[in-house]
Amino acid sequence: MSHWAEIDSNNIVLRVLVVPDVQEHRGNEFLSMDLGLGGRWYKTSYNTIGGVHQLGGTPYRKNYAGIGYTFDRNRQAFIPPKCHDEAVLDEATCLWTCTNETHTKEIA
């Protein structure tokens, strides 16, 4: 199974859905056309956090997409909402750094 995030016109994640293995190679088309959901869909890795695959695999798009995350096309990364105005984006992880502590929004 693979996970795919729907992105709105502002590159904000609206929802994340699971696609069966047999459709993974055409996830965007499967979700938008076959299921009739429309939208723009981007693959995301459930096991990727801060650019590291938690099971030792290849990391994908820096972070698992969550509702409200931003998809940055240039970085090819899902970035969580900013934790506060003074937070600084860590370019290596695409997570926000706040007073030497990295914050991520818990994914439900």
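Provided above is the structure to which this section pertains.
Residues numbered from 1 in each chain as written. Predicted model: local features only at pLDDT ≥ 70, side-chain atom pairs only at ≥ 80, totals over all residues. Heavy atoms only, no water.

## Focus on the sheet that holds strand S3 (residues 40–44)
Ordered by their spatial adjacency, 3 strands build an open sheet running S2-S1-S3, and the pairing between neighbours is antiparallel. The open sheet terminates on both sides in strands that have one partner only, identified here as strand S2 (13–19) and S3. Neighbour-to-neighbour, the strand axes of this sheet turn through a mean angle of 30°, independent of strand direction. Alignment of strand S1 (residues 2–7) against S3, held across 5 bridges, turns out to be antiparallel. Its bridge partner being in S3, Ile7 is matched across the sheet by Arg40. (Pairing = 2+ DSSP bridges. Helix = DSSP H or I, 4+ residues; strand = E, 2+ residues; numbered from the N terminus. Axes fitted to C-alpha atoms, helices over the stretch in contact; angles between N-to-C directions.)

## Digging into the packing of aromatic side chains
Scanning all chains against the criterion turns up 3 aromatic pairs. Following the ring pairs from residue to residue traces out a cluster consisting of Tyr42, Phe71 and Phe78. (Phe/Tyr/Trp six-rings, centres within 6.5 Å; stacked < 30°, edge-to-face > 60°.)

## Some thoughts on the side chain of Ser32
Within the fold, Ser32 resides in helix H1 (residues 27–34). Ser32 gets classed as buried once you look at its relative accessible area, which sits at 13%. Filtering out sequence-adjacent residues up to four positions away, Ser32 remains in contact with Leu37, Gly38, Gly39 and Trp41. (Buried < 20%, exposed > 50% of the residue type's maximum accessible area, 1.4 Å probe, protein only. Contact = heavy atoms within 4.5 Å.)

All we've got here are geometric facts, nothing functional implied.
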